[in-house]
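In case you want the letters, here they are:
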Amino acid sequence: MGIEYPLRVLLIGNGGREHAIAWKLSQSPLVESIIAVPGNGGTATSPKVTNNTDVSPENFPALLELARKNNVNYVVPGPEAPLVAGAVDFFENAGIKSFGPSKKAARMEGSKTFSKDFMKKHGIPTAAYENSSDYDKAREYLDRVQHDVVIKASGLAAGKGVIIPTSKQEAHQALKDIMQNKEFGSAGDEVVIEEFLTGDELSILTFSDGYSIKSLPPAQDHKRIGEGDMGLNTGGMGCYAPTNIATPDLVAQIDRDIIQPTIDGMRKDEMPFVGILFTGLMITSTGPKVLEYNVRFGDPETQTVLPLLSQDTDLAKVMVACSERYLDSVLIKVEPRFSATVVVAAGGYPESYAKGDEIKVQSPPDDINIFHAGTKLADNILQTAGGRVIAASATATESLRAAVDKAYEGVKLIHFDKMYYRRDIAHRAFKPTAETKEALTYAQAGVSIDAGNQLVERIRNAVRSTKRAGADAEIGGFGGEVDLSKAGFSSDAPIMVGAIDGVGTKLMIAQATHNHTTVGIDLVAMNVNDLVVQGAEPVMFLDYFGCSKLDPEAAAAFVESVAAGCRDAGCALVGGETAEMPGMYKDDDYDAAGAAIGVMRASDRLPRLDAMQEGDVLLGLASSGVHSNGFSLVRRILAREKLGYDNPAPWIRASEPQKSVGEALLAPTRIYVRSVLAALPRLKGLAHITGGGLTENVPRMLPRRLSAEIDVAAWNRPPVFAWLARAGNVEPTEMARTFNNGVGMVAVASPADAEGVARLLREKGETVYTIGRLVARTEGMDGCVLKGLEGWR
């Protein structure tokens, strides 16, 4: 028998989501009454709504008794727990229709393992993953993968069972915490280890009757407690819709390629989905991918998108149409407006916080709604009763900015002790876009790669004039060499190789932050990496430190960091020069340079140009960050973004240990000497990716007959480079010509040797990617061809 009107609704839940559902349902002429179990301080005063706190929302038989006593004919479970526990099946078996999926279909949220396997089976785009209920096998998988990972407890963990580690060590600890230490209880009996995706997140709520779909406007929430998306994870501190990244074409693609195939797949698997499906998406450079499914309204997405429904869109009628399988016949009209929600939390949330504080709320004007979550009425006094206490939601016709401003006006109507809210809701939508922001280049920052190349050509003849026996005095490579056996020394004498370099304007960050403990490592790295790419082993290093007024502490810290770099590279710091020159530099500024000397046998000399051939494999060795090139552009971008070195680094994931901009940028250049020397006999060439990026440096190791074809999608570009590109509106070609973009060294190996070389380098501690191959170079072809650069936009 079908559902008869009027509806007498049992609404299960007590959050902001449930208040918003009650608010919209109460507007329907088809709804006679709503019983909220247990409800909150907001539902307690809503039209048509009565709270009942005598019955537990988890006690289905008691809920059924309450429903029968009040002649309830429709049940709406709000949170995931009753749905996963089978609330819909229970009430429908008792003859009462419900809005929501069956217990079988609710496994899409109840088990992350189940949902990932479902996506794989039905070809729905998602991150690479592995499920495991065996701790040792999960550890082995972690050791095998080279990409960043997300580790998820498979079961329900109250929204907390997701860990994003920043290193293999952290990943193994997280795995142990979940599977062995039972940090999330039985939810962690099985885990999902999946690839960490980068991009913009979207949340889409979709009504479905098992066949048809009708999606609400895409929303974007703010999970982190702190502004700038920093700090601990929460249930959600705010939300806005629609989002500026959700173009009509993208929304159509998501419906076509993800949501409809999900609904069709569930029906084919004999678990048709009825209710509202929450799809969490990451919009990656290769398209949208599913992060997770939830089988209920999101929170705070519900408080944001329901106010966008038109007055004549009847939520009760839509819900019943889903339950009765005729969704395609009802109207869902979304107003052309913008909506924003700001959540107000108790002080201390998401850690310990007080309850029972009195709340004062003034009446809101039109277009502003106050949705309650962690509130209760005690003796007619509104009190705090949870971490996320209450929220102000607002809509506006003119712009998202207007909606956000109205929402914050709504927050001013709320008063309780130690209340906390983020002041940057929708900040991602307000960042300047490529259309409104000047595109910066390295040349605009004061550094011209072309001018450097012209200088080399200008002085080439002067340098050649110094040629002597054993030294050809050619410049333009990574360093110079003297063959002692040809210079009149013993016939078995080694070849001496020299390199000289500085740190560049990265020194200005060290000086501004008074942190001199890493730039000496940079100085060594820039030199010894240039030696090892020629096949030489560094044996000694000399440094130069120039200043106007000597600061012994700063100079000592610098030299100590030079010594640390030398120890890493296995070379001796045999001498140096400290020059104090009053008036030469400004205040406490200093400059530094260094020279490394190495030795090699002729048989070890790189590159082996004659041995290189089409099809040879290009291996990329991961960088540790920006290294020591491109800092003039970095500093200009920071200045335009008004970011100081003591501000939190905006590119660091909220799950990672937080660092200041200065601390993050001063991560020292990686020294590749020991690992590369171990693989040297099996290599044909090496390129140190410094100033000029991949574009300029890779061709320096190649014969003119060959080009390097590199797929930039072959590795995950570190977030710092994506942030620099976006903040500076830097074109992908300019990024490729300025920064290392996550690859600090490129090696050439034969196809037969490539796998073994990569394995050896990994054993020595390197992260290695297969990034491309050598191809025949035709007339007019560049020495380095980068494929997939559009993914860097």
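What you see is a predicted model; the values in this text were computed from it and never measured.

Enquirer: Go over the pairing of strand β17 (residues 287-294), please, and point to the residues and values.
Expert: Of all eight residues that make up β17, seven are buried, and the element is covered over most of its length. Here strand β16 (residues 275-284) runs beside β17; their pairing, made up of seven bridges, is antiparallel. Bridging across to β17, Met282 finds its partner in Lys289. Hairpin connection from β16 to β17: two residues lie between these consecutive antiparallel strands.

Enquirer: I'd like a rundown of unusual backbone geometry, residues and numbers included.
Expert: Omega for the peptide link from Asp299 to Pro300 comes to 20°, which places this bond in the cis form. Its place among the elements puts Pro300 in the loop between β17 and α10 (301-305). The step from Tyr349 to Pro350 runs through a cis peptide bond, and the omega angle for that step is 10°. When you line up the elements, Pro350 lands in the loop between β18 (338-345) and β19 (360-361). A positive phi angle, close to 65°, is found at Glu270, a residue other than glycine.

Enquirer: How would you sum up the packing of aromatic side chains? Please name residues and give values.
Expert: Here the distance between the centres and the angle between the planes together describe a pair of aromatic rings. The tally for this structure, following the rule as stated, stands at 14 aromatic pairs. When the centroid spacing of 5.4 Å and the interplanar angle of 50° are considered together, the rings of Phe545 and Phe558 count as tilted. Taken together, the residues Phe545 in strand β27 (residues 537-547) and Phe558 in helix α16 (residues 552-569) connect sequence positions 13 residues apart. Exposure remark for Phe558: the relative accessible area of 0% places this residue in the buried category.

Enquirer: Could you give me a rundown of the nonpolar core, with the residues and numbers involved?
Expert: Of all hydrophobic cores here, the largest spans 98 residues; its most connected members are Leu665, Val698 and Ile710. Counting residues per element, this core draws most heavily on helix α15 (residues 519-532), which supplies eight residues. Once you skip the residues sitting within four places of it in the chain, Val698 turns out to touch Ala687, Ile689, Ala708, Ile710, Val746 and Cys784.

Enquirer: Outline the sheet that holds strand β33 (residues 743-749), listing residues and values.
Expert: Strand order across the open sheet formed by six strands is β31-β33-β30-β34-β32-β35, with mixed pairing between neighbours. In the strand order of this sheet, the two ends are held by β31 (685-688) and β35 (784-787), each with one partner. The sheet shows a mean angle of 25° between the axes of neighbouring strands, taken without regard to direction. Across four bridges, the pairing between strand β32 (residues 706-711) and β35 is parallel. If you follow Asp711 over to β35, its bridge partner there is Lys787. Sheet contacts for α15: β31 and β33; angle to β31, the most-contacted strand, approximately 160°.

Enquirer: Explain the side chain of Thr206 to me, and be specific about the residues and the numbers.
Expert: Its place among the elements puts Thr206 in strand β10 (residues 200-208). The exposure class of Thr206 is buried, given its relative accessible area of 1%. A polar side-chain atom of Thr206 sits 2.8 Å from a polar atom in the side chain of Ser215. Setting aside chain neighbours within four positions, we find Thr206 in contact with Ile213, Lys214, Ser215, Ile259, Gly275, Ile276 and Leu277.

Enquirer: With reference to specific residues and values, describe the pattern of salt bridges.
Expert: Overall, the coordinates contain 26 salt bridges when judged by the stated rule. Of the charged contacts, one joins Asp424 and Arg422 as a salt bridge, the two residues approaching to 2.9 Å between their closest N and O atoms. Comparing Asp424 with Arg422 shows no difference in burial state: the two are buried. Here the residues in one salt-bridge network are Asp229, Arg422, Asp424 and Arg428, joined through shared partners.

Enquirer: Break down the sheet that holds strand β1 (residues 7-13) for me, with residues and values.
Expert: Spatial strand order, β3-β2-β1-β4-β5: five strands in an open sheet with parallel pairing. The sheet terminates laterally at β3 (49-51) and β5 (97-98), the two strands that pair on one side only. Taken together, the four bridges between β1 and strand β4 (residues 74-77) define a ladder with parallel strand orientation. Paired with Leu10 across the bridge in β4 is Val75. Along the sheet face, helix α1 (residues 16-25) touches β1, β2 (31-38) and β3 and points at about 170° away from the line of β1.

Enquirer: Requested: an account of a negative patch on the surface, with residues and values cited.
Expert: Taken together, the side chains of Asp551, Glu553, Glu560, Asp587, Asp588 and Asp589 present a region of like negative charge at the surface. Structurally, Asp551 is set in the loop between β27 and α16. The exposure class of Asp551 is partly exposed, given its relative accessible area of 35%.

Enquirer: Tell me about the pairing of strand β30 (residues 617-622), and name the residues and values.
Expert: Burial analysis of β30 places six of its six residues in the buried class, which makes it a mostly covered element. Residues Val617, Leu619 and Leu621 line one face of β30 and the alternating positions Leu618, Gly620 and Ala622 line the opposite face, and both faces are buried. Looking at chain direction, β30 and β33 are connected through six bridges and run antiparallel. Bridge pairing in β33 links Leu618 to Val748.

Enquirer: Tell me about the side chain of Asp314, and name the residues and values.
Expert: With respect to the helices and strands, Asp314 occurs in the loop between α10 and α11 (315-324). Of the buried charged residues, Asp314 lacks a salt bridge, with Lys317 as the closest side chain of opposite charge at 6.9 Å. Residues within four places of Asp314 in sequence aside, it is in contact with Ser28, Pro29 and Leu30.

Enquirer: Explain α11 to me, using residue names and the numbers behind them.
Expert: The buried fraction of α11 amounts to eight of the 10 residues, a majority that puts the element mostly inside the structure. What α11 keeps buried is the set Leu315, Ala316, Val318, Met319, Val320, Ala321, Cys322 and Ser323. Residue Asp314 occupies the N-cap position of α11, its side-chain oxygen lying 2.9 Å from the main-chain nitrogen of Ala316. One or two positions beyond α11, positive phi appears at Arg325, with a value near 70°.

Enquirer: Please give an account of helix α12 (residues 400-411) that cites residues and values.
Expert: Helix length check: α12 (12 residues) gives 17 Å between terminal C-alpha atoms against 16 Å at 1.5 Å per residue, within 8%. Of all the positions in α12, only Leu400, Ala402, Ala403, Val404, Ala407, Tyr408, Gly410 and Val411 are classed as buried. The inward-facing, buried residues of α12 contact β15 (238-241), β18, β20 (368-372), β23 (388-396) and β24 (414-415).

What counts and what doesn't
Residues numbered from 1 in each chain as written. Predicted model: local features only at pLDDT ≥ 70, side-chain atom pairs only at ≥ 80, totals over all residues. Heavy atoms only, no water. Buried < 20%, exposed > 50% of the residue type's maximum accessible area, 1.4 Å probe, protein only. Helix = DSSP H or I, 4+ residues; strand = E, 2+ residues; numbered from the N terminus. Pairing = 2+ DSSP bridges. Phe/Tyr/Trp six-rings, centres within 6.5 Å; stacked < 30°, edge-to-face > 60°. Core = buried A, V, L, I, M, F, W, Y, C linked by side-chain atoms within 4.5 Å. Contact = heavy atoms within 4.5 Å. Axes fitted to C-alpha atoms, helices over the stretch in contact; angles between N-to-C directions. Polar contact = N/O pair within 3.5 Å; in protein donor to acceptor, adjacent residues only side chain to side chain. Salt bridge = Lys/Arg side-chain N within 4 Å of Asp/Glu carboxyl O. Patch = residues over 30% accessible without salt bridge, like charges linked within 9 Å, V, L, I, M, F, W, Y side chains within 5 Å. Areas by Shrake-Rupley, 256 points an atom, 1.4 Å probe, with all protein chains shown as cover. Lys, Arg positive; Asp, Glu negative; His and termini not counted. Charge placed at Lys NZ, Arg CZ, Asp CG, Glu CD. Expected span 1.5 Å × (residues − 1).

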